[in-house]
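Here's the letter readout for the chains.
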Amino acid sequence: MAVSIDLANSRPTPSAAALAGQAAANAASVQAGAEKPSLIGLSREGLGAALAAVGVPEKQLRMRTQQLWHWLYVRGVSDFSQMANVAKDLRQKLADAYSIARPEIVTEQISVDGTRKWVLRFPAKGAARPVEIETVYIPEEGRGTLCVSSQVGCTLTCTFCHTGTQRLVRNLTPDEIVGQILIARDRLGDFPDAATPAGAIVPSEGRLVTNVVMMGMGEPLYNFDSVKEALAVASDGEGLSLSKRRITLSTSGVVPMIGKAGEEMGVMLAISLHAVRDELRDELVPINRKYPLAELLDACRAYPGLSNAKRITFEYVMLKGVNDSLADAKELVRILRGIPAKINLIPFNPWPGSRYECSDWDQIERFADYVNQAGYASPIRTPRGRDIFAACGQLKSESERMRKKERTELEASRISELAAG
Ligand code: SAH
Ligand code: SF4
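All figures in this text were calculated on a predicted structure; none of them were measured in a lab. All residue numbers here refer to positions counted from 1 along the written sequence of the relevant chain. The lettering of chains begins at A and the numbering of ligands begins at 1, in the order of writing. Under the rules for a predicted model, residues below a pLDDT of 70 receive no local features and side-chain atom pairs below 80 are neither given nor counted, while totals for whole chains, interfaces and linings still include all residues. Based on all heavy atoms of the structure, the side-chain values leave hydrogens and waters out of the count.

## Thoughts on the pattern of salt bridges
1) Next: Each salt bridge in this description consists of a side-chain nitrogen of Lys or Arg and a carboxyl oxygen of Asp or Glu lying within 4 Å of one another. Throughout the structure, instances matching the rule amount to 20 salt bridges.
2) Next: Among the salt bridges present, the one from E104 reaches R121, with a minimum N-O distance of 3.5 Å. Residue E104 is found in strand β2 (residues 104-110), and its partner R121 is found in strand β3 (residues 116-122); the two are separated by 17 residues along the sequence.
3) Next: Using a 1.4 Å probe on the protein chains alone, a residue whose accessible area is under 20% of its type maximum counts as buried, one over 50% counts as exposed, and one in between counts as partly exposed. The partly exposed category is assigned to E104, whose relative accessible area is 27%.
4) Next: With a relative accessible area of 28%, R121 lands in the partly exposed category.
5) Next: For E140, the salt bridge identified is with R143, shortest N-O distance 3.3 Å.
6) Next: By relative accessible area, which is 40% here, R143 ends up partly exposed. A run of H or I in DSSP counts as a helix once it spans at least four residues, and a run of E counts as a strand once it spans at least two, with each numbered from the N terminus.

## Section: the environment of R167
1) Next: Its location among the elements puts R167 in the loop between β6 (151-152) and β7 (170-171).
2) Next: R167 sits in the partly exposed class, given a relative accessible area of 45%.
3) Next: The sequence separation of R167 and V152 amounts to 15 residues, and the corresponding C-alpha distance is 8.2 Å.

## Points about the site of ligand 2
1) Next: The nearness test applies per residue and asks whether one of its heavy atoms lies within 4 Å of the molecule or strand. Within the structure, ligand 2 sits among C154, L156, C158, C161, G164, G218 and S252.
2) Next: Each residue is assigned to one of three groups, with Ala, Val, Leu, Ile, Met, Phe, Trp, Tyr, Cys and Pro labelled nonpolar, Asp, Glu, Lys and Arg labelled charged, and all others, Gly among them, labelled polar. The class makeup of the residues in the shell around ligand 2 is four nonpolar, three polar and no charged.

## Observations regarding the packing of helix α5 (residues 174-188) against helix α6 (residues 224-234)
1) Next: Whenever a helix is involved, its axis is fitted only over the stretch in contact; in every case the axis is a line through C-alpha atoms, and angles between N-to-C directions fall within 0 to 180 degrees. Across the interface, α5 lies against α6 with an axial gap of 8 Å and an inter-helix angle of 40°. What the angle tells us is that α5 and α6 run oblique. Handedness of the crossing formed by α5 with α6: right-handed. Taken together, the residues of α6 that come into contact with α5 (itself represented by P174, I177, V178 and I181) are S226, V227, E229, A230, V233 and A234.
2) Next: Partitioned by chemical class, the residues of the contact of α5 with α6 number eight nonpolar, one polar and one charged. Throughout, the term roughly parallel applies to angles under 35 degrees, roughly antiparallel to angles over 145, roughly perpendicular to angles from 65 to 115, and oblique to all others. Definitions for this section: a left-handed crossing has its near helix turned counterclockwise from the far helix by less than a right angle. A right-handed crossing has that turn clockwise. In this analysis, two residues are considered to be in contact whenever any of their non-hydrogen atoms come within 4.5 Å of each other.

## Concerning the pairing of β3
1) Next: Most of β3 sits inside the fold, with six of its seven residues counted as buried.
2) Next: Relative to β3, β2 runs antiparallel, the two being bridged by six bridges. Bridging from a neighbouring strand, E108 pairs with W118 of β3.
3) Next: Following β2, the chain reverses through five residues before pairing antiparallel with β3; G114 in that reversal takes a positive phi of roughly 90°.
4) Next: As paired strands, β3 and strand β4 (residues 131-140) are joined by seven bridges and run antiparallel to one another. In the strand pairing of β4, R121 is matched with E132. Between any two strands, pairing holds if DSSP finds at least two bridges.

## Some words on the site of ligand 1
1) Next: If you check the shell around ligand 1, you find 21 residues, and the closest are F160, G218, S250, S272 and H274.
2) Next: N or O atoms closer than or at 3.5 Å make up a polar contact, with two conditions inside protein: a donor-capable atom paired with an acceptor-capable one, and, for residues adjacent in sequence, both atoms drawn from side chains. The separation between an oxygen atom of ligand 1 and a polar side-chain atom of S272 is 2.6 Å.
3) Next: Taking H274, its side chain carries an N or O atom lying 2.5 Å from an oxygen atom of ligand 1.
4) Next: Within the shell around ligand 1, the residues separate by chemical class into 10 nonpolar, nine polar and two charged.

## Some remarks on the packing of aromatic side chains
1) Next: Here a Phe, Tyr or Trp ring, Trp counted by its six-membered ring, pairs with any other such ring whose centre lies within 6.5 Å, and the pair is stacked when the planes are under 30 degrees apart, edge-to-face when over 60, and tilted otherwise. Under the criterion given, the structure shown has three aromatic pairs.
2) Next: Plain terms: the ring middles of W69 and Y73 are 4.9 Å apart, the flat faces sit at 65° to each other, and that makes the pair edge-to-face. With W69 and Y73 both in helix α3 (residues 61-74), this residue pair falls four residues apart, about one helical turn. The exposure classification of W69 matches that of Y73, with both residues buried.
3) Next: Note on geometry: a ring has a charge over it if NZ (lysine) or CZ (arginine) is within 6 Å of the ring centre and within 35 degrees of the ring normal. The ring centre of W69 lies 4.4 Å from the NZ or CZ of R44, which sits over that ring.
4) Next: A cation sits over an aromatic face here: R185 above F191, 4.4 Å from the ring centre.

## Re the nonpolar core
1) Next: In this text, buried Ala, Val, Leu, Ile, Met, Phe, Trp, Tyr and Cys residues form a nonpolar core when linked through side-chain atoms within 4.5 Å. Of all hydrophobic cores here, the largest spans 108 residues; its most connected members are F160, F314 and L336.
2) Next: For this core, the leading source of residues is α5, giving seven residues.
3) Next: Here this core spans two domains, since at least three of its residues come from each of domain 1 (9-97) and domain 2 (104-420).
4) Next: In terms of nonpolar packing, the next biggest core, distinct from the first, is built from six residues, V136, I138, C147 and I388 among them. Domain boundaries shown here were taken from an automatic or database domain assignment.

## Structural notes on the side chain of E331
1) Next: Positionally, E331 belongs in helix α10 (residues 326-336).
2) Next: Here R334 takes part through its side chain, which lies 2.9 Å from a polar atom of the side chain of E331.

Following this line, the structure appears as structure tokens:
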């Protein structure tokens with residue numbers, strides 16, 4: 001059974017209650033700041049430019065940028081008034097011009113297994129309507145993984161994925177991607193409290209969000225620039241401080257962008273493989289028709305920095321009678337030869353209307369054993385948060401679909417970007 005928290009009425013623990021107050025304050029400031037540009041997700045240069053634009057003198061820019069960075073990403077404040085060491089008149093100027101408000105939390109659900117799912121609403125941007133997305137936190141022994149969305153919906157239509165049934169509404173912006181990490185840390189009490197002296201760096205040990213995976217809604221390589229900017233902020237060692245070794249980007253196989261992601265983002269790579277023959281992969285992961293297996297695997301072989309210590313994760317969803325035979329396992333081992341790899345077997349998570357069944361557990365274990373004996377780590381991903389529809393591939397928001405014309409325009413611009421890249 002899932003627990004749904006009513007943010008206004010629940011009193012689970014004193015700290016959660018305090019956080020609920022913070023969330024209410026955030027929601028109010030979202031409304032107040034909806035039209036103002038957000039400072040969240042900007043690079044240091046971007047932040048410096050925003051400060052200059054409200055009149056901060058050139059010689060103070062570096063110091064002020066550093067101060068703001070610290071308040072935003074070490075202390076996690078969501079209101080300029082909390083920035084104690086910033087002069088009051090500057091705080092006012094910043095508040096007049098910009099927003100640092102969090103997205104609104106529409107619902108927060110907690111699974112029996114401790115997984116949390118937030119539905120977040122981002123305010124309207126210009127002509128675009130407000131949108132909703134989902135972010136999931138998965139606590140495990142010794143670590144906690146945040147599954148972050150990159151798009152509202154997805155242009156791809158993988159047949160086993162719930163998100164794939166929701167058309168693309170729009171790409172998320174860097175502030176919306178970083179905002180998901182900030183919300184999770186707010187709600188988990190994962191920012192140091194006000195007693196922590198200014199200037200202190202949040203220790204990278206003992207934190208609840210230790211890993212980020214770009215495995216929520218959407219295809220992150222179709223929103224390359226925003227994901228890159230957001231991950232640069234997330235991995236900044238004087239801020240959110242998530243090491244690039246603890247950030248994983250999962251792609252369905254946007255081949256032209258894979259090498260670029262390795263060079264410019266430098267995070268860990270996961271590939272949604274799911275089939276070992278083009279005929280089946282064309283059906284399950286339709287982007288395969290454009291970038292078939294041979295090209296995908298070549299791009300993987302060329303991924304910068306690969307070694308036994310830095311392997312690619314190949315995700316393989318276990319679909320009963322479809323891709324789970326020992327012949328498939330054998331072919332998998334053959335095609336991955338020479339690539340430092342780990343194979344993550346994902347039991348299929350059903351959703352209303354899905355046409356597949358999850359493989360039998362015995363078959364998943366037989367498959368895993370074969371792959372393991374061939375020398376690959378082959379963990380079976382324990383399904384988490386199924387009761388709250390938070391498991392892999394179950395995410396889908398109710399955001400209004402993009403009008404056909406808007407979508408066609410966006411896709412056309414994406415294709416020309418890809419061609420240029
Ligand atoms: N669009 C990206 C990242 C999001 S999906 C991608 O496709 O890689 C995150 C992972 O969940 C992918 O490996 C995806 O194939 C897998 N997945 C999707 N639907 C699933 C389902 N119903 N059950 C199990 N895994 C699923
Ligand atoms: Fe999109 Fe990934 Fe789902 Fe495929 S698996 S539809 S790429 S989110």
